[in-house]
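Architecture at a glance
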Amino acid sequence: MDSKFNVVSRNKDSITLEVINYDNTLLRPLMEEVTKDDKVEIAHYYIKHPEIDNPQIYIKVSTGKPQAAIKRTIRKMNKIYESMYNDLLKEKEKLSKNNKNKK
């Protein structure tokens, strides 16, 4: 399922995005990482009603553009997950080799 972001409102230092086709396994880490950005003052997401509404993300920055903070965070998360994936592939290869050697 591909998530999409719709801009609900945007100011010079803040942005509110609606997340379409969301998954909490994406939103929670995204929000945790974006709050680590030194330029982000406030970051949170909320869902008015879990059955009928899409979540909205609110981000306010001290400097720069709020959408740049989101982009930085997504790039960082991409590197993290790519690294995890590569590590898992390496471990899988090691296990496969060990299993072959045992036979």
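So, here's what we can say about the structure. As the structure is a computational prediction, the values presented were derived from the model and not from experiment.

The next point concerns the side chain of Thr 16. If you trace the backbone, Thr 16 turns up in strand β2 (residues 14-20). What Thr 16 contacts, discounting residues up to four positions off in sequence, is Asn 6, Val 7, Val 8, Ser 9, Tyr 46, Gln 56, Ile 57 and Tyr 58.

Take the nonpolar core next. Val 34, Val 40, Ala 43, Ile 57 and Ile 59 are the most contacted members of the largest nonpolar core, which totals 15 residues. Contributions of two or more residues to this core are made by β2, α1 (24-34), β3 (40-46), β4 (56-61) and α2 (66-102). The contacts of Val 40, once residues within four sequence positions are left out, are Val 34, Ile 59, Lys 60, Val 61 and Ala 69.

Looking now at the sheet that holds β4. Read from one edge of the open sheet, four strands run β1-β2-β4-β3, paired in antiparallel fashion. Only two strands of the sheet have a single neighbouring strand rather than two, namely β1 (4-10) and β3. Averaged over neighbouring strand pairs, the angle between their axes works out to 20° when direction is ignored. Examined bridge by bridge, β3 and β4 share six bridges and lie antiparallel to one another. Within β4, the position partnered with Tyr 45 by the bridge is Ile 57. Against the sheet, α1 makes contact with β1, β2, β3 and β4, and its axis sits at roughly 165° relative to β3, the strand it touches most.

What counts as what
- Residues numbered from 1 in each chain as written.
- Predicted model: local features only at pLDDT ≥ 70, side-chain atom pairs only at ≥ 80, totals over all residues.
- Heavy atoms only, no water.
- Helix = DSSP H or I, 4+ residues; strand = E, 2+ residues; numbered from the N terminus.
- Contact = heavy atoms within 4.5 Å.
- Core = buried A, V, L, I, M, F, W, Y, C linked by side-chain atoms within 4.5 Å.
- Buried < 20%, exposed > 50% of the residue type's maximum accessible area, 1.4 Å probe, protein only.
- Pairing = 2+ DSSP bridges.
- Axes fitted to C-alpha atoms, helices over the stretch in contact; angles between N-to-C directions.

Shape is all these values report; function is a separate question.
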